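# Tertiary structure, described
Each chain, written out:
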Amino acid sequence: MAYSFQVTTTGLSGLTDAIAPSNRTNHSQPDTFDSFAYKVLVPAVWSIIVLIGVLGNIIVVFTMCKHGGRTMSRSATNCYIINVALADLAFIVIVVPITTAAFVTESWQHGEAMCKFNQYISYVTLLSTCLTLTAMTIDRYFAIVHPIKSMKSRTPRVAVIICIVIWFASSVVCSPYLVIPELRQENGSGIVILVCTLVCSKSAQKALTIVVVLVTYVVPLTVIIVSYSLILKYLWRHKISVRRDFNQNSESSEPVMGGGTTMARRRKKVAKMVAAVAILFAITWLPIHLFNLVYVLMDESFPKSKPMYDLKIFAHTLSYTSSCVNPFIYTIMGDGFRRAFRESIPICRGSPSSYQRPSYPRRSGSTIETKFNGE
């Protein structure tokens, strides 16, 4: 069995020229286990990822929007969470199913326009997710380290504008992928098939791969690490007292729940949740970035063997899971999300006495409400 590595692609969508098992240059048949694994198990796993990702991200968007009147209008973090969910949803709905079909058939069946669009949307959604996670982390930094000074800039309106700019910038930066991918014919074992591949020189492929790794992984991850390092440094040096935190929230007219330390704890809890999302993103995308980088840098000396081919399939699969794990993080670490989800789904509400919102003391001139994510 031949493993198709002959056409390099920096595409993260796992198109047939990069990952599909190929008998194009080898007349021998694959063994039974390989045939079953590549034709049944891998597509089945990817299909399960699609189902979980679609359901989970729709629940996130629905839950957030359902409670928009009470909480979304007051939380910038929720805007970023919705933006990440939309990017994940676009990736999991468009890229993965088309990739699965191409993997099974070993030939591109969707035309050249979809070939270009599939590559393009995979990079747009990836870059949008990276930039949104970076924006969320910076928002958490200012919320914890500079809560008063940053109040005017950490508003939902500003967050929405930032999300729009992120999508626009991602669309522009990734525009070369609307031009570079093309359909090419390949002959092997008497069969002519179509592959969707990047048509450019080897030096250009190397440059593209390095830029992709830097822009969609190294740079955002560096900003996230620096931001959380500064947050940890601040929390280590400043043990916020109940009185100080209460006074800060009173001066900023920010709703307080049960004292100032409660607000500080909630902010730190949200910071932990955002950190968990960023860490899982880094873990799930690291293998495919490393694989693509090593592949183009080693060029002809790259070992085109079954273990390396299996490693690439694993790396792609792991990157796909990135689009379906976030809802689980919100459920596990977000008390507000669990409460909002129960209130959004009638069947989950239980008896009228169940899941009642806790009553908090009123402050003069305002009613204290619970923010969705502890903003």
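Basis of the calculations
Residues numbered from 1 in each chain as written. Predicted model: local features only at pLDDT ≥ 70, side-chain atom pairs only at ≥ 80, totals over all residues. Heavy atoms only, no water. UniProt positions renumbered as here; feature names shortened; annotations may be inferred. Disulfide = S-S within 2.5 Å. Helix = DSSP H or I, 4+ residues; strand = E, 2+ residues; numbered from the N terminus. Phe/Tyr/Trp six-rings, centres within 6.5 Å; stacked < 30°, edge-to-face > 60°. Buried < 20%, exposed > 50% of the residue type's maximum accessible area, 1.4 Å probe, protein only. pLDDT = per-residue confidence, 0-100. Contact = heavy atoms within 4.5 Å.

- The name an unreviewed UniProt entry gives the chain is G-protein coupled receptor 54-like isoform X1, with Biomphalaria glabrata as the organism.
- Looking at the chain in UniProt, the text filed under Subcellular location (unreviewed entry) is "Cell membrane".
- What UniProt states about the chain under its Sequence similarities (unreviewed entry) heading is, verbatim, "Belongs to the G-protein coupled receptor 1 family."

## A short note on the state of the cysteines
- Taken as a whole and judged by the stated rule, the model has one disulfide.
- Paired by a disulfide, cysteine 115 and cysteine 196 hold their sulfur atoms 1.8 Å apart. Every disulfide takes its handedness from the sign of the S-S torsion; for cysteine 115 and cysteine 196 that torsion is 80°, giving right-handed. Of this pair, cysteine 115 sits in helix H4 (residues 111-145) while cysteine 196 sits in strand S4 (residues 191-198); the two residues are 81 residues apart in sequence, bridging distant segments of the chain.

## Considerations on the packing of aromatic side chains
- This model, assessed by the stated rule, comprises ten aromatic pairs.
- A ring pair is formed by phenylalanine 91 and tryptophan 285, whose centres lie 6.1 Å apart and whose planes are at 70°; its orientation type is edge-to-face. Residue phenylalanine 91 is found in helix H3 (residues 76-105), and its partner tryptophan 285 is found in helix H8 (residues 260-298); the two are separated by 194 residues along the sequence. Considered together, phenylalanine 91 and tryptophan 285 belong to a single accessibility category, that of buried residues.
- Taking the centre distance of 5.1 Å and the plane angle of 75° together, the rings of tyrosine 141 and phenylalanine 142 count as edge-to-face.

## Some points on the confidence of the model for the chain
- Considering every residue of the chain, the mean pLDDT works out to 76; 70% of them sit at 70 or more.
- In the model of the chain, helix H1 (residues 16-19) stands out as the element of lowest mean pLDDT, 41, in contrast to helix H5 (residues 156-173), which has the highest, 95.
- Long-range and interchain partners of residues 1-33, a stretch whose pLDDT sits below 50, account for 127 contacts in this model, where long-range means more than four residues apart.
- Confidence drops under pLDDT 50 across residues 351-374; counting only partners more than four residues distant or on other chains, this segment forms 53 contacts.

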